[in-house]
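# Fold and geometry: a report
So you can see what is in the structure, the chains are spelled out below.
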Amino acid sequence: MSYLKPLFHHPSLKENKVGYVKADYEGVISTLCAGCGHDSISGAIVQACYEVSLEPHRLAKLSGIGCSSKTPTYFLSNSHGFNSVHGRMPSITTGANMANKHLIYLGVSGDGDTASIGMGQFVHAIRRNLNMVYIVMNNGCYGLTKGQDSATADFGSISKTGESNPYNGIDLAGLALELGASFVGRSFSGDKSQLVPMIKAAMSHPGFALLDVISPCVTFNNNKESTKSYSHVRAHIESTSEFDFVPEEKAIEVDYAAGDSAEVELFDGSKILLSKLAPDWNPTDKFTAVNRLHEAKSNGQILTGLLYINPESKDLHSMLNTSDKAFNAMDETDLCPGSMELEKINQGLR
Amino acid sequence: MNPTNTKDPEYFHKVVDCQYACPAHTPVPEYIRLIAAERYTDAFMINWESNVFPGILGRTCDRPCEPACRRGRVEEEPVAICRLKRVAADNKGEVKHLMPQAPFPMNGKKIALIGGGPASLTVARDLAPLGYELHLFDEWIKGGGMMRTQIPAFRLPESVLDEEVNYILDMGIHTHFNTFVDSMKEVLSKDYDAIFVGTGAPKGRELKIPGYEEAKDNIHIGIEYLADVAFEHRDKIGKNVIVLGGGNTAMDCCRTSKRIGGETVTVVVRSPRKDMKASPWEIEDAELEDIPILNNMPPKEFVVENGKLTGVIFGKVRAEYDENGKRSLIPTGEPDEFIPADDVIIAIGQDNAFPWIERDLGIEFGKWDIPVLDKTTFQSTLPNVFFGGDAAFGPENVITAVAHGHQAAVSIHHFCQGIPVTERLPPFTNLTSQKMGIHEWTYDNGIAHDLRYKVSHEEKKKSLANRKVEVELGFSEIEGFKEAQRCLNCDVQTVFTTSLCIECDACVDVCPTDCITFTANGEEEELRKRLTVPAMNTTQDLYVSDVLPTTRVMIKDEDVCLHCGLCSERCPTAAWDMQKYMYNVTKVYQKDGEKVCC
Ligand SMILES: Cc1cc2nc3c(=O)[nH]c(=O)nc-3n(C[C@H](O)[C@H](O)[C@H](O)COP(=O)(O)OP(=O)(O)OC[C@H]3O[C@@H](n4cnc5c(N)ncnc54)[C@H](O)[C@@H]3O)c2cc1C
Ligand SMILES: Cc1ncc(C[n+]2csc(CCOP(=O)(O)OP(=O)(O)O)c2C)c(N)n1
Ligand code: SF4
Ligand code: SF4
Ligand code: SF4
Ligand SMILES: [Mg+2]
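Residues numbered from 1 in each chain as written. Chains lettered and ligands numbered in written order. Predicted model: local features only at pLDDT ≥ 70, side-chain atom pairs only at ≥ 80, totals over all residues. Heavy atoms only, no water.

### Brief notes about the overall build of chain B
A tally of regular secondary structure across chain B gives 23 helices and 25 strands. Relative to the globule expectation of 25 Å for 598 residues, the C-alpha radius of gyration of chain B, 26 Å, shows essentially globular dimensions. Counting only C-alpha atoms, chain B reaches 90 × 65 × 45 Å along its principal axes. Counting over 598 residues, chain B shows a buried share of 58%. Long-range pairs, those at least 24 residues apart, make up 72% of the contacts in chain B between residues at least 6 apart in sequence. By element, 51% of the accessible surface of chain B is carried by carbon and sulfur atoms, the whole surface being about 24400 Å². In chain B, the 66 positive side-chain charges and the 91 negative ones have mean positions that sit 1 Å from each other. (Helix = DSSP H or I, 4+ residues; strand = E, 2+ residues; numbered from the N terminus. Rg over C-alpha atoms; globule rule 2.2 N^0.38 Å. Buried < 20%, exposed > 50% of the residue type's maximum accessible area, 1.4 Å probe, protein only. Contact = heavy atoms within 4.5 Å. Areas by Shrake-Rupley, 256 points an atom, 1.4 Å probe, with all protein chains shown as cover. Lys, Arg positive; Asp, Glu negative; His and termini not counted. Charge placed at Lys NZ, Arg CZ, Asp CG, Glu CD.)

### Details of the site of ligand 5
Taken together, 14 residues surround ligand 5, and among them Cys501(B), Cys504(B), Asp505(B), Cys507(B) and Cys571(B) come closest. Here the residues of the shell around ligand 5 sort into eleven nonpolar, one polar and two charged. (Near = heavy atom within 4 Å. Nonpolar A, V, L, I, M, F, W, Y, C, P; charged D, E, K, R; others polar.)

### Quick look at the sheet that holds strand E24 (residues 553–557) of chain B
Neighbouring strands of a sheet are bound in pairs by backbone hydrogen bonds; such pairs are parallel or else antiparallel. Residue and element names in this part refer to chain B. Judged by pairing direction, the sheet is antiparallel, and its three strands sit side by side in the order E22-E24-E23 without closing on themselves. In this open sheet, the two strands that pair with only one neighbour each are strand E22 (516–519) and strand E23 (542–544). Across the sheet, the axes of successive neighbouring strands diverge by a mean angle of 25 degrees, strand direction being ignored. Pairing between E23 and E24: three bridges, direction antiparallel. (Pairing = 2+ DSSP bridges. Axes fitted to C-alpha atoms, helices over the stretch in contact; angles between N-to-C directions.)

### Section: the coordination of the magnesium ion (ligand 6)
Residue and element names in this part refer to chain A. Distances from the magnesium ion (ligand 6) to its protein donors, Asp111 (OD), Asn139 (OD1) and Cys141 (O), fall at 2.1 to 2.2 Å. Spacing between the donor residues of the magnesium ion (ligand 6) along their common chain follows D-x27-N-x1-C. Residue Asp111 is located in helix H4 (residues 111–115), and its partner Asn139 is located in the loop between strand E4 (132–138) and strand E5 (141–142); the two are separated by 28 residues in the primary sequence. The buried category is assigned to Asn139, whose relative accessible area is 4%. (Donors = N, O, S within 2.8 Å, 3.2 Å for Na, K, Ca; no water.)

### Here's the deal with the site of ligand 4
Close contacts around ligand 4 come from 13 residues, with Cys511(B), Cys561(B), Leu562(B), Cys564(B) and Cys567(B) the closest. Classifying every residue of the shell around ligand 4 gives eight nonpolar, four polar and one charged.

### Here's the deal with the packing of helix H9 (residues 118–127) of chain B against helix H18 (residues 398–417) of chain B
Residue and element names in this part refer to chain B. One can describe the packing of H9 onto H18 by two numbers: an axis separation of 7 Å at closest approach and a directional angle of 40 degrees. One way to sum up the angle between H9 and H18 is to call them oblique. Handedness of the H9/H18 crossing: right-handed. Residues Pro118, Ala119, Thr122, Val123, Arg125, Asp126 and Leu127 of H9 lie in contact with H18, whose contacting residues are Val398, Ala401, Val402, Gly405, His406, Ala408, Ala409, Ile412 and His413. A breakdown of the residues in the contact of H9 with H18 according to their chemical character gives ten nonpolar, four polar and two charged. (Parallel < 35°, antiparallel > 145°, perpendicular 65-115°, else oblique. Left-handed = near helix turned anticlockwise from the far one by under 90°.)

### Some details on the interface of chain B and chain A
Taken together, the contact pairs 31 residues of chain B with 27 residues of chain A. Between chain B and chain A lies a buried interface of about 2400 Å² when both sides are counted; carbon and sulfur atoms form 57% of it. Ranking the residues of chain B by area buried against chain A places His449(B), Asp509(B) and Arg570(B) at the top, with a combined share of 24%. Between chain B and chain A we count four salt bridges in total. Asp39(A) is paired through a salt bridge with Arg570(B); the nearest N and O atoms lie 2.6 Å apart. Taken together, the connections running from chain B to chain A amount to 14 residue pairs in polar contact (both at pLDDT 80 or more). Mapped onto the side of chain B that touches chain A, the elements with two or more residues apiece are helix H7 (71–74), helix H21 (506–510) and helix H23 (566–570) of chain B. Within the side of chain B that touches chain A, the residues separate by chemical class into 14 nonpolar, five polar and twelve charged. (Buried area = accessible area lost by both parts, 1.4 Å probe. Salt bridge = Lys/Arg side-chain N within 4 Å of Asp/Glu carboxyl O. Polar contact = N/O pair within 3.5 Å; in protein donor to acceptor, adjacent residues only side chain to side chain.)

### Brief notes about the confidence of the model for chain A
Low-pLDDT portions of the prediction should not be read for the details of their coordinates. Residues with a pLDDT of 70 or more make up 94% of chain A, whose mean pLDDT is 91. Counting contacts from residues 251–259 of chain A, a segment whose pLDDT is below 50, to residues more than four positions away or on other chains yields 14 contacts. (pLDDT = per-residue confidence, 0-100.)

### A word on the domain arrangement of chain B
Residues and elements named next belong to chain B. Segmentation of chain B into domains returns domain 1 (100–202 + 352–417) and domain 2 (204–349). For domain 1 versus domain 2, the distance between C-alpha centres works out to 32 Å. Of the residues lining the interface, eleven residues belong to domain 1; the matching set on domain 2 comes to eleven residues. Counting each side, the surface lost to burial between domain 1 and domain 2 is near 970 Å², with a carbon and sulfur contribution of 62%. Considering only the side of domain 1, the residues that lose the most area to domain 2 are Gln150, Phe154 and Arg155, jointly responsible for 53% of the buried surface there. Counting every contact that joins domain 1 to domain 2 gives two salt bridges. Two residues, Glu282 and Arg155, come together in a salt bridge whose shortest N-O distance is 3.2 Å. Its residues placed into classes, the side of domain 1 that touches domain 2 shows seven nonpolar, two polar and two charged. (Domains from an automatic or database assignment.)

### A few points about helix H4 (residues 40–51) of chain B
Residues and elements named next belong to chain B. Taking 1.5 Å of rise per residue, twelve residues should cover 16 Å, and H4 covers 16 Å from first to last C-alpha, within 8% of that figure. Extensive coverage of H4 is indicated by the burial of ten of its twelve residues. Along H4, the positions that sit buried rather than exposed are Tyr40, Ala43, Phe44, Met45, Ile46, Asn47, Trp48, Glu49, Ser50 and Asn51. Following H4 by one or two positions, Val52 has its phi on the positive side, about 65 degrees. (Expected span 1.5 Å × (residues − 1).)

### Quick notes on the sheet that holds strand E14 (residues 337–340) of chain B
All names here are of chain B. If you trace the three strands from one edge of the open sheet to the other, you get E10-E11-E14, paired in antiparallel fashion. Taken across any chain shown, the strands that pair with only one partner, and hence form the sheet edges, are strand E10 (299–305) and E14. The average angle at which neighbouring strand axes cross in this sheet is 30 degrees, direction not considered. Where strand E11 (residues 308–314) lies against E14, four bridges are found, and the strand directions are antiparallel.

### Side note on the pattern of salt bridges
Residues and elements named next belong to chain B. Across all of its chains, the model carries 63 salt bridges over all chains by this definition. Between Asp559 and Arg73 there is a salt bridge whose closest N-O contact spans 2.8 Å. Taken together, the positions of Asp559 in the loop between E24 and H23 and Arg73 in helix H7 put the pair 486 residues apart, joining distant regions of the chain. We classify Asp559 as buried; its relative accessible area is 8%. Measuring nitrogen to oxygen at the nearest pair gives 2.8 Å for the salt bridge that ties Arg259 to Glu289. Of this pair, Arg259 sits in helix H15 (residues 248–259) while Glu289 sits in the loop between helix H16 (280–288) and strand E9 (293–294), and the two are 30 residues apart along the sequence. Judged on exposure class, the residue Arg259 and its partner Glu289 are both buried. Connected via shared salt-bridge partners are Asp17, Arg70, Arg73 and Asp559.

Now the structure itself:
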């Protein structure tokens, strides 16, 4: 098995604005099962970061445990990274983010890592509107531990074990909407034309951005009867809109039919362009989003695309009015003002 | 686009860029892998079957394969294919017992081969095992043609030449050396069933500018000069030598002169450097021997004083090209330049010449005295006379002469057996999976990033002192191994099975050179622009699948595929498989399924 990637790349591939080619955003060769949806999501992350000309050192990737949580090894080798324990990615990200608000935080998790052991952490990160991109690589099972049903497995879905799931699945996007997440999107690992701009938009969004990405587990949950298989997802996928992300400095060229289009301006001046496929939905109106989700679900459809965005999102740092200076830029006296200062604070609380 | 027909033997053949470019279609990656495996004898035999002269070509081939090599499209330099061939020849073991063993039962047919160069020798090798009585005529004392008379010993040692020529002559060929054939009519009157003309392009061009007649004694025609030196009829030249011409003959003439008394040797070319016909490596080697090459200087006059040549006057020009790329040399107006010389060697081209073929025999000649031939069969307008090598379409090189020889041998055999000569032998092809385990391949699919290794040279002082000292030392075994590892194994094909693909995109994501795209089908021109990386090199094909369940098709641009096998390793369903494609030009003695080596 190959364990090294060739360093050659296509000679006509252009460098981006910061002088990197796409290969500069890659990681080492994946050890996931061949055909795993997670690898495609890694590919989409690489593509998105290359396209927005991100300087790799400006991003931190954090993850928990699971096949999905292993993926940060397979992209952005030149960025910061922290592979934490099962379900604890949100608290590690919170800590890192509090210490330095100037990085882009990309949390990678699985449906097991998020919807079971990490559920408590997940909901609080949303509640705090922590400025991060939170990608759930959602395969409806615990891939790494050989495919047990996870909490997002749909009722009645049958995995490779042949057992029908007796429980209702947790809809992470619906839950995030309920908890007040400021950016909620759903996508499919096999649809890069949607996923890549969605990752770009999520990175520009100031606040918590959930991307619930259906990602077939090719080994344990890709049989015909599974609702998270390639074939099932392809047959039932429906999207809220055609989607495009336009960075700040670029003129908008897309021309959608009047009435069907929506444009959402992000905090940094970049724009999300949507050509709506469902007229009774408005991306900045949470209620229509919730309705569309329920509607699609009852029709047996998987609704993808941008579901909701709050353009007025205020992240945790602005809520708490934290220091603009990162801890690593402060000197010792700032970081440890001494026992006198502590005494003063204690006195103030008496 | 229509789905690619991979059953067409030429489709995958074209992907093996080097083999496709080789006139004899030598299975290059196959022998390179054998070199890496230290199986030098097998590597030699693969070459011997295809190109007949591995040790000679491993030193002197014009290497049309190298500019074609895929490696040159993903990094600076192609694989040193030619010099690897020499590694096989240098390190091989006993090979003679692996060749067809004479004596062969005779088939009663008798063939005359006129000229003893690589073209005739190839015909001889291919026909001998079939029992033909072969009579080879050459004006010189030994076989080899221009490989012996022209290619200097410091590039090709006589021992190597003798060895490889003798493998053929030892197959029971009747040789008639020191025999210049001066009448085709006479040959035709003998009882030959067929005649092959492999007499090369033996006439060096002259340059009759003012002063020529007076200076004649010190003006030499390049190919005659080289032959004289080769046969030791000449062992001296003046101290100041001018070589006129910008081709490989000029390079051999100047380097030879340096070795037999020339102290100041200058090559003067009338055209710009980039239009010079000499191979870049030949120019480099001449310059390494401190021979200046002056460009844009057409000769105007041989200057003679007291009846003796003293030098040459040159004009100064620059090249201009019209919209069709046609060149004209425009005088710059600068004053002429005089360069002193004791001897001048003219190496400005060769022509075909057939003074010995009477024009009333039914053998038609066209423009420039070139015979009228069928391009595939090499048959002339007189059905029992065939041509090949430089004699066929003008001066080329050894490997082209060999390729002609193989095809002419097929024609001659068919002609003698009453089979239409237009009936050709289909190539031998074979496509087999290289899978050995779940992610294991029979070939080393890791990509080596090493830059091209340089062949080391003999110390200059030593090699200039003796014209028989070989300049290139060849790769050592270790260097050969490392250079062999640079080969991308382009014969190991990516083979796609549409019905197995689940469109998971794994191959698209992993491919280091972005070769693969899943998209809606379309017309080729428009489709090429729409791929992950637009496929602008139209000399390379697109591999198009059948329609997939999502109605898309898989398109693979063959252009810069590294044959790394990652697509196959990451494919969950083995829709991609790495399969080795063997393509061999069938030689006439292999016609009835005789083993094709390895
Ligand atoms: C200076 C020089 C250097 C070269 N270097 C290279 C090189 O490095 N690599 C490369 O690939 N190619 C090289 N070539 C070209 C190469 O030598 C020829 O293309 C090749 O040898 C042609 O082979 P052939 O069999 O057609 O004829 P030739 O090799 O020309 O052989 C023909 C033979 O027939 C003989 N002959 C001709 N007429 C008669 C007759 N009537 N009766 C009897 N005998 C006759 C000739 O004397 C000669 O011996 C070089 C050529 C020259 C001039
Ligand atoms: C504290 C703890 N409990 C249990 C495990 C065992 N474990 C490892 S991965 C995993 C589930 C991972 O599922 P998911 O997050 O969906 O990732 P996937 O492999 O499906 O991508 C579990 C339960 C563990 N590593 N640590
Ligand atoms: S077990 Fe499933 S989730 Fe894990 S790598 Fe394999 S296919 Fe992907
Ligand atoms: S072998 Fe496959 S992965 Fe490797 S370069 Fe070729 S198409 Fe890409
Ligand atoms: S990896 Fe295999 S199954 Fe997946 S898209 Fe490529 S060819 Fe199809
Ligand atoms: Mg999972």
